[in-house]
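The lines below spell out each chain.
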Amino acid sequence: MKLDVLAIGVHPDDVELGCSGTLIKEVKRGKTVGIVDLTEGELGTRGTVETRYQEAADASKIIGAVARENLQMRDGFFKNDEEHQMKVIQVLRKYQPEIVIANILEDRHPDHGRAGHLVYDACFLSGLKQVKTIDEKGAEQEKWRPKYLLHFIQDRFYEPDVIVDITDAFEQKMASIKAYTTQFFSSSSTEPETYISKPDFLDAIVARARVLGKRIGVQFAEGFLSKKNIGIANLDALVLQET
Ligand SMILES: [Zn+2]
């Protein structure tokens, strides 16, 4: 199945936190969007691997993703090495996305930065014919290099290279995050409090979207970094607001 956009996050919920608004907008425009989680988030304090799978499936439905899979790398301890790069290359070649959106290259959680670098390296290597991979049926895969790799901002703030207006997708974005009922604030939860389960964590998500939105004169936005320049086909891509 060929996809227009593939979002890759190291922990189930990273994609929802970082770029679900942009994904929802693409789905609304008729684009095909898929999600790959690198780990099962088994080091998470709250919930279980099973609840995370259910929550990820619920969030996918809200986003409108046509595919979601989990590469079952080790949460906290996976490496950016040949073995892990080959696993990412296999999904890149399987879905042949034009655009990949992945974790940022450095963040509070070391997994985020390591995953960002892993996907960055895999996107390049995937375009090399001599890097051989096989698909799930044992057939050799064609080389594939996504045209763009965008990194979403998650915990620490970095100056974005591009800001996407997500105002009309913002409610759905928050719903996709809240689908992770074991991870974020719920007044009825009896599980231990964590960095992300305090109520102010979700407030900060809203505040971040507002701050980025204000930069481009809209209510809510998501920001992305890109190692390479972003080319636009014409000026219609520009948000026309006085700022
Ligand atoms: Zn994470």
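Residues numbered from 1 in each chain as written. Predicted model: local features only at pLDDT ≥ 70, side-chain atom pairs only at ≥ 80, totals over all residues. Heavy atoms only, no water.

K.L.:
Please clarify how the coordination of the zinc ion should be interpreted in this entry.
P.N.:
The expected angle between donors at a tetrahedral four-coordinate metal is 109.5 degrees. At an octahedral six-coordinate metal it is 90 or 180 degrees. For the zinc ion, the protein coordination sphere consists of His11 (ND1), Asp14 (OD) and His112 (NE2), at 2.1 to 2.2 Å. Read in sequence order, the donor residues for the zinc ion give the motif H-x2-D-x97-H. Here His11, found in the loop between β1 (5–9) and α1 (14–28), pairs with His112, found in helix α4 (residues 110–125); they are 101 residues apart in sequence, far enough to count as distant. Like His11, the residue His112 is buried in the burial classification. (Donors = N, O, S within 2.8 Å, 3.2 Å for Na, K, Ca; no water. Helix = DSSP H or I, 4+ residues; strand = E, 2+ residues; numbered from the N terminus. Buried < 20%, exposed > 50% of the residue type's maximum accessible area, 1.4 Å probe, protein only.)

K.L.:
Looking at this model, I keep getting lost on unusual backbone geometry. Mind explaining?
P.N.:
Residues apart from glycine generally show negative phi values, whereas peptide bonds are mostly found in trans. Phi at Gln72 is positive, roughly 50°, even though this residue is not glycine. Summarising the element assignment, Gln72 is placed in strand β3 (residues 67–73). Assessed through its relative accessible area of 52%, Gln72 is described here as exposed. A positive phi angle, near 40°, is found at Gln96, a position not held by glycine. Residue position: Gln96 is located in the loop between α3 (82–95) and β4 (99–102).

K.L.:
Explain the sheet that holds strand β5 (residues 148–152) here, please?
P.N.:
Two orientations exist for strands paired in a sheet by backbone hydrogen bonds: parallel and antiparallel. One open sheet accounts for seven strands, arranged β3-β2-β1-β4-β5-β7-β6; its pairing is mixed. Lying at the two open borders of the sheet, with one neighbouring strand each, are β3 and β6 (162–165). Across this sheet, the average inter-strand angle for adjacent strands is 25°, counted without regard to direction. Two strands pair when backbone bridges link them, and strand β2 (residues 33–39) and β3 are joined in this way by five bridges, in the parallel orientation. The residue bridging Thr39 from the neighbouring strand is Met73, located in β3. Those strands touched by helix α6 (residues 199–216) are β6 and β7 (221–225), and its axis lies near 85° from that of β7. (Pairing = 2+ DSSP bridges. Axes fitted to C-alpha atoms, helices over the stretch in contact; angles between N-to-C directions. Contact = heavy atoms within 4.5 Å.)

K.L.:
Looking at this structure, how should I read the nonpolar core?
P.N.:
What tends to happen in soluble globular proteins is that the nonpolar side chains get buried as a cluster. One finds Ile8, Val36, Leu38, Val88, Leu92 and Val100 to be the most contacted residues of the largest nonpolar core, which totals 24 residues. Elements with a minimum of two residues in this core: β1, β2, β3, α3, β4 and α4. Sequence-distant contacts of Ile8, defined by excluding residues within four places in its chain, comprise Val15, Val36, Leu38, Val88, Leu92, Val100, Ile101, Ala102, Asn103, Val119 and Phe152. (Core = buried A, V, L, I, M, F, W, Y, C linked by side-chain atoms within 4.5 Å.)

K.L.:
What is the right way to look at a nonpolar patch on the surface in this model?
P.N.:
A cluster of nonpolar side chains, namely Ile230, Ile232, Leu235, Leu238 and Leu240, defines an oily patch on the protein surface of about 530 Å² accessible area. Note on placement: Ile232 falls in the segment after β7. (Patch = residues over 30% accessible without salt bridge, like charges linked within 9 Å, V, L, I, M, F, W, Y side chains within 5 Å. Areas by Shrake-Rupley, 256 points an atom, 1.4 Å probe, with all protein chains shown as cover. Salt bridge = Lys/Arg side-chain N within 4 Å of Asp/Glu carboxyl O.)

K.L.:
What is the right way to look at the pairing of β5 in this model?
P.N.:
Consecutive residues of a regular strand have side chains that alternate between opposite faces of the sheet. Burial analysis of β5 places four of its five residues in the buried class, which makes it a mostly covered element. Here β4 runs beside β5; their pairing, made up of four bridges, is parallel. Pairing of Val100 across the sheet is with Leu149, part of β5. For the crossover from β4 across α4 to β5, the handedness is right-handed. Relative to β7, β5 runs antiparallel, the two sharing two bridges. Bridging from a neighbouring strand, Phe152 pairs with Phe224 of β7. (Right-handed = clockwise from strand over helix to strand, strands pointing away.)

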